[in-house]
Structures are given as structure tokens and as C-alpha cells.
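Notes for the structure review
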Amino acid sequence: MNDIKTQQYESLLVKNGLKRTGARLQVLDILSHRNSATSQPYLEHVVGKDIDRVTLYRILKTFEEKGIIHRVLDKQGTANYAICSNSCTEHHHHDEHVHFNCNNCLRVYCLDDVKIPPLKIGGGFKIEDMNLIVSGICKECNQAN
Ligand SMILES: [Zn+2]
Ligand SMILES: [Zn+2]
Ligand SMILES: [Zn+2]
């Protein structure tokens, strides 16, 4: 891990009132070094020998509550995790962007610049969160062909 990055992760944890543990830093490091969201099976595979499953789930849950990461279910129903933009805070996520699920490599990408348009639904329904998954072929798979 490079030192500057480590400091950034540490201050992110401190800012959120979380203790700096090696396991938390490792999870942050993995999630922020990928250009797509990280699937739960991949994460388990990578940290497998260092962090037990219960600890990993607890870390992910805490990060999600603190507004550090958001969870996206792909078309197969697998959980994927991505680092949030700066506008997310504890219990208030603002991740109303489109997610792209590649049909070929199955990766999930956050399209941060493509916002889900505000929806007007009346009739006593109150929106609490929105998900929009677009699927197709991602740029990496597109280039490979
Ligand atoms: Zn968020
Ligand atoms: Zn792909
Ligand atoms: Zn996202």
C-alpha cells in the first residue's frame, strides 16, 4: 500500500468515527483500486486468508451505513460494492446514478455522471431509494472485440 493513499483511508475512517484497523484499510484499498464495483465473491476471494467472513460482512455493513460505500445488486442478484461520491453521509446516500452491468464480464460500473431522472409518483407512495441497472457490453469488452 502506498503511504499517501493509506493516509487518505485513515482520515476517511477517523472522519466517520471508525477505528483504523488493518482489515478496514484493506477493504478500502481493494474497493478504491478498481474501475468497477467489486463483487462480494471477488472480495471474499481476495481477502479470504486475511479477514474472516463475519468480519468482512460487518465492515461492509458499517461502511454502507456511514455513506462510504454503496451496494448494487446485479442482474444475477450478486451484491457489488462501490465507493460513494463525496455527497454521501451517514444514513444519507445520494447514489442516484445509473449502474451498468456488462453481459460479458458481468462487471458492474458506476456511471456517476449519468443521473437517474427524478420520478414523480403520487398516490401515497414515497420514494426512499432508486436503482437503475442498464446492461450491455462494457467499454473494456467492446475494445477486446
Ligand atoms: Zn452512497
Ligand atoms: Zn465487460
Ligand atoms: Zn454506484
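Computed from a prediction, not measured in an experiment: that's the story for all the values here.

Moving on, we come to the coordination of the zinc ion (ligand 3). The protein atoms donating to the zinc ion (ligand 3) are His-70 (NE2), His-97 (NE2), His-99 (NE2) and Cys-110 (SG), with metal-donor distances spanning 2.0 to 2.2 Å. For the zinc ion (ligand 3), the 4 donor atoms are set out with angles of 99 to 114° between them, so the coordination reads as tetrahedral. All donors of the zinc ion (ligand 3) come from a single chain, and their spacing in sequence reads H-x26-H-x1-H-x10-C. Note that His-70 is positioned in strand β2 (residues 69-73) and Cys-110 in strand β5 (residues 108-115), a separation of 40 residues in sequence. A relative accessible area of 5% places His-70 in the buried class.

A separate point is the coordination of the zinc ion (ligand 1). Every protein donor of the zinc ion (ligand 1) is listed here as Cys-84 (SG), Cys-88 (SG), His-93 (ND1) and Asp-95 (OD), and their distances to the metal cover 2.0 to 2.3 Å. One can describe the donor arrangement at the zinc ion (ligand 1) as tetrahedral, given that its 4 donor atoms subtend angles of 95 to 117° at the metal. One chain supplies every donor for the zinc ion (ligand 1), spaced along it as C-x3-C-x4-H-x1-D. By relative accessible area, Cys-84 is classed as buried at 10%.

Calculation notes
Sequence order as written defines the numbering, with residues in each chain counted from 1. Going through the entries in the order they are written, you letter the chains from A and number the ligands from 1. Where totals are concerned, whole chains, interfaces and linings use all residues; where local detail is concerned, this predicted model gives features only for residues with pLDDT of at least 70, and gives and counts side-chain atom pairs only at 80 or more. As a rule here, side-chain values cover all heavy atoms of the structure and leave hydrogens and water aside. Listed donor atoms are N, O and S within 2.8 Å of the metal (Na, K and Ca: 3.2 Å). As water is not included, a site may look incomplete. The rule is simple: four donors are tetrahedral if all their angles sit between 85 and 135 degrees, four are square planar and six octahedral if opposite donors span more than 155 degrees and the others lie between 65 and 115, and anything that fits none of that is irregular. Numbering of helices and strands starts at the N terminus; helices are DSSP runs of H or I of at least 4 residues and strands are runs of E of at least 2. Any residue under 20% of the maximum accessible area for its type is buried, any over 50% is exposed, and the rest in between are partly exposed; the area is computed with a 1.4 Å probe on protein chains only.

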